[in-house]
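# Analysis of the macromolecular model
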Amino acid sequence: MVKLNDIPLIEAHPRNYNPINRAHSSIKYVVIHYTSNTNDTARNNVTYFHDAITQTSAHYFVSDNSIYQSVPLNHAAYAVGIGSMKNPYFKWPTMWKKITNSNSVSIEICGGKTGPEPADNVKKLAAELTSELLKKLGLSPSCVYRHYDVTGKPCPKWAVDDNLKWLEFMLWVSNYFYGKDVDNLTDSPENYNMFKTWFERYLKERSAMIATWEVAAMNYCDEKGIIKDGRPKSILTRGELAEVMMRVDKKYSEAITELNKRMDNGNG
Ligand SMILES: [Zn+2]
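Note that the coordinates shown come from a computational prediction; the quantities given were computed from them, not determined experimentally.

### A closer look at the packing of helix α2 (residues 120-137) against helix α5 (residues 163-177)
At a closest axis distance of 8 Å, the pairing of α2 and α5 adopts a crossing angle of 50 degrees. Judged by the angle between their axes, α2 and α5 are oblique. As α2 runs across α5, the sense of the crossing is right-handed. Seen from α2, the contacting residues are K123, K124, A127, E128, T130, S131 and L134; seen from α5, they are F169, W172, V173, Y176 and F177. Its residues assigned to classes, the contact of α2 with α5 shows seven nonpolar, two polar and three charged.

Below you can see the structure in the form of structure tokens.
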């Protein structure tokens with residue numbers, strides 16, 4: 001059981017965060033990160049941020065059976081800004097400029113024992129911490145985002161490379177939040193609805209992204225009436241493909257008919 005009041009605080013160096021003294025009611029989001037290290041611990045991380053001036057920080061660090069706090073909740077961590085960069089990593093992350101250091105809490109999940117992905121028990125501990133923070137702050141699981149959703153930085157990388165792993169993490173958060181047994185997730189209507197909610201959010205977020213090479217083709221098809229309403233990364237179903245093929249085929253047939261007419265006129 002995670003109890004927020006029992007989590008030890010080893011405060012980060014004062015230059016590593018913004019002591020804005022905010023009200024808890026001004027916190028609207030929880031942002032999940034990953035340290036990208038191998039076999040690091042929550043304690044080592046908070047000690048490092050206590051000693052070194054990095055001008056970066058997070059509120060909490062989570063590792064195997066261990067949570068440490070580094071920045072008090074009433075202060076803003078330097079966690080989701082983009083420093084001296086002018087633009088995010090890609091255009092445009094869904095929560096760009098909506099989630100800021102001032103209105104969010106950041107949780108760093110430490111690395112795995114041997115590789116770049118934390119073990120399930122560490123992720124579950126972070127999910128439980130997330131759930132406790134949501135309750136304390138009067139928020140719901142829909143207020144939880146990846147660092148990636150704010151700036152496009154691939155963080156937590158394992159949850160960006162494989163979106164199902166993010167969905168799994170969010171299912172754990174939701175199950176803790178609603179007081180369910182996270183170690184025995186059942187095929188319940190609640191879990192199915194949660195999965196649908198997260199998956200629909202993911203599809204919506206994904207559909208809005210556009211790569212530079214797609215811009216000309218998307219604009220061309222829009223002008224010609226072949227594919228309307230954008231959504232460059234949205235899934236095209238067989239039914240929609242049939243509709244698109246029909247539009248193209250009709251245009252082609254019309255052009256051929258027109259050409260034949262002109263040739264007949266010319267011959268007459
Ligand atoms: Zn991050």
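### Some words on α5
Its 15 residues place the ends of α5 21 Å apart at the C-alpha level, agreeing with the 21 Å of an ideal helix rising 1.5 Å per residue. Turning to α5, its buried residues are W166, F169, M170, L171, W172, V173, S174, N175, Y176 and F177. Where α5 is buried, its residues contact α2, β7 (144-146), α4 (157-161) and α6 (189-207). Immediately beyond the C-terminal end of α5, within one or two residues, lies G179, with a positive phi of roughly 70 degrees.

### Considerations on the pairing of strand β3 (residues 60-63)
Of the two faces of β3, both are covered, the one formed by Y60 and V62 as well as the one formed by F61 and S63. Strand direction decides the pairing type here: β3 and strand β4 (residues 66-69), joined by four bridges, are antiparallel. Note on β4: the bridge partner recorded for V62 is I67. With antiparallel pairing between neighbouring strands as the criterion, β3 and β4 make up a hairpin whose turn holds two residues, including N65 at a positive phi of roughly 60 degrees. Here three bridges tie β3 to strand β6 (residues 104-109), and the two strands are oriented parallel to one another. Looking across to β6, one finds that V62 is bridged to I109.

### A short note on the domain arrangement of the protein chain
The domains assigned to the protein chain are domain 1 (4-209) and domain 2 (215-267). Averaged C-alpha coordinates put domain 1 and domain 2 at centres separated by 45 Å.

### Quick look at unusual backbone geometry
The amide bond that connects C155 to the next residue, P156, takes the cis arrangement and shows omega of -10 degrees. By the secondary structure assignment, P156 is in the loop between α3 (147-151) and α4. Not every positive phi belongs to a glycine, and K97 is a case in point at roughly 70 degrees.

Procedures and definitions
- The residue numbers shown here count from 1 along each chain, following its written sequence.
- Reporting in this predicted model follows two pLDDT cut-offs: at least 70 for local features of residues, and 80 or more for side-chain atom pairs to be given and counted; totals over whole chains, interfaces and linings ignore these cut-offs and use all residues.
- Axis definition: a line fit to C-alpha positions, over the contact stretch in the case of helices; interaxial angles, taken between N-to-C directions, run 0 to 180 degrees.
- Segments assigned H or I by DSSP are reported as helices when at least four residues long, segments assigned E as strands when at least two residues long, and all are numbered from the N terminus.
- Any angle that is under 35 degrees is reported as roughly parallel, and any over 145 degrees as roughly antiparallel; angles of 65 to 115 degrees are reported as roughly perpendicular and all others as oblique.
- By definition, any crossing whose near helix is turned counterclockwise from its far helix by less than a right angle is left-handed, and any crossing with a clockwise turn is right-handed.
- This entry defines residue contacts through backbone-placed C-beta atoms, with two residues in contact when those atoms are within 7 Å.
- Side-chain classes are defined by residue name, with Ala, Val, Leu, Ile, Met, Phe, Trp, Tyr, Cys and Pro counting as nonpolar, Asp, Glu, Lys and Arg as charged, and the others, Gly among them, as polar.
- To estimate the expected span of a helix, subtract one from its residue number and multiply by 1.5 Å.
- Once C-beta atoms are placed from the backbone, each residue is buried if 20 or more other C-beta atoms lie within 10 Å of its own, exposed if 12 or fewer, and partly exposed for counts between those two.
- The pairing criterion is simple: DSSP has to find at least two bridges between the two strands.
- As annotated, the domain borders come from an automatic or database domain assignment.

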